[in-house]
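Geometric and topological summary
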Amino acid sequence: MKRNLGDIIFKILAVLSSLALISLVLFLFVELVIYSVPSIKKFGIKFLVEKIWDPVAEKYGALPAIYGTLVTSFFALLIAFPLSIGIAIFISELSPPLLQRPLSFIIELLGAIPSLIYGMWGLFSLAPLIQLKVGPFLQRILGFLPLFQGYPIGVGYLTASIVLSIMIIPTISSLSREILMAVPKDQREAGYALGMTKWEVIWRVVLGNAKSGIFAAGMLGLGRALGEAVAVTMVIGNFYDISISLFSPGVTITSVIINEFAEATGQLKISVLMELALILFIITFFVMGFARYYILKRIEGR
């Protein structure tokens, strides 16, 4: 069969586009590794477990930044995931047709708001609320847990987690809504024919068929939370230490890079910041890789 010239050109362009994307990711990784070499040579594996950040003495450790990144992202996902799934279920399964488009538009609009706006809102509105109302309330109810001990000063891990959760809700809920709506109507009707109630159809049929896609949406939201910089920097407190209390101030990898990069004049400090960026790149890569592996295993298991 003779192939059309347009088909050949289209295939070549598609292949080149894919190779360009792969090359870009490899280029970023290689550049980060190259710039991180001085830091890796000086500190080695200890860089990952040290808590010191002393530019004067040229002693650096990444543990508080890694800890803050993982803690804020985890609690952001813990807050955002069930809310996002509830929003997606309501829009796709329960909402009147007249409300579906307006609600979808509002959710997508939240995703288009710049992170600086979220950071300002978190700093001037949410932080005082955490300090004066939410923090004392959580201490009265859950103060026996180490997570809710200490004096709430407004900024800290909890505030950063809440801001991040609000920022990733549009991503998770929008993708989950599309995945739920993609479940064939025939399967819903089959559930009703078997005598299931509406909630049983949603829980067993719709969510049962959309589990893998919803998990992927959650992982994409987690990836967004891991890489968020401006909003987190404004509300996390930027105190280079580790604390189990969510009321305590801390740092993330992105907040350290933002705060320190303008003052990074020596080669070693620039290399340290590049190694932090490399660590964040690797964390995100493994998170996305795990999500992809899970989805493939689910597909193969069907």
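I will try to describe carefully the structure that is included in this document.

Rules of the game
Residues numbered from 1 in each chain as written. Predicted model: local features only at pLDDT ≥ 70, side-chain atom pairs only at ≥ 80, totals over all residues. Heavy atoms only, no water. Phe/Tyr/Trp six-rings, centres within 6.5 Å; stacked < 30°, edge-to-face > 60°. Helix = DSSP H or I, 4+ residues; strand = E, 2+ residues; numbered from the N terminus. Expected span 1.5 Å × (residues − 1). Bend = angle between axes of the 7 residues up to and from the residue. Buried < 20%, exposed > 50% of the residue type's maximum accessible area, 1.4 Å probe, protein only. Contact = heavy atoms within 4.5 Å. Axes fitted to C-alpha atoms, helices over the stretch in contact; angles between N-to-C directions. Left-handed = near helix turned anticlockwise from the far one by under 90°. Salt bridge = Lys/Arg side-chain N within 4 Å of Asp/Glu carboxyl O.

**Points about the packing of aromatic side chains**
Applying the stated criterion to the full structure yields ten aromatic pairs. Grouping aromatic residues by their ring pairs yields a cluster made of Phe43, Phe47, Trp53, Tyr60 and Tyr240.

**Overview of helix H4 (residues 115-142)**
The end-to-end C-alpha distance of H4 is 31 Å, clearly below the 40 Å that 28 residues give at a rise of 1.5 Å each. Where H4 bends most, the angle comes to about 50 degrees, and this point is Ile130. Every buried residue of H4 is accounted for by Ser115, Tyr118, Gly119, Gly122, Leu126, Ala127, Ile130, Gly135 and Leu138. Those residues of H4 hidden inside the fold are in contact with helix H3 (97-112), helix H5 (157-181) and helix H8 (230-235).

**Regarding the packing of helix H2 (residues 63-94) against H5**
The geometry of H2 relative to H5 is characterised by a closest axis approach of 5 Å and an angle of 40 degrees between their N-to-C directions. Relative to H5, H2 is oriented so that their crossing is right-handed.

**Brief notes about the pattern of salt bridges**
Two side chains bearing opposite charge may form a pair once their charged atoms approach each other closely. In this structure the tally under the stated criterion is five salt bridges. Residue Arg188 pairs with Glu93 through a salt bridge whose shortest N-O separation is 2.6 Å. Placement of the pair is Arg188 in helix H6 (residues 185-193) and Glu93 in helix H2, with a sequence separation of 95 residues. Of the two residues, Arg188 and Glu93, neither departs from the other in class, the shared state being buried. Ionic pairing is found between Glu260 and Lys269, a salt bridge with its closest N-O pair at 2.7 Å.

**Observations concerning the environment of Val272**
With respect to the element layout, Val272 can be found in helix H10 (residues 267-301). Among the residues examined, Val272 registers a relative accessible area of 0% and is labelled buried. Taking the C-alpha atoms as reference, Val272 lies 55 Å from Lys198; in sequence the two are 74 residues apart.

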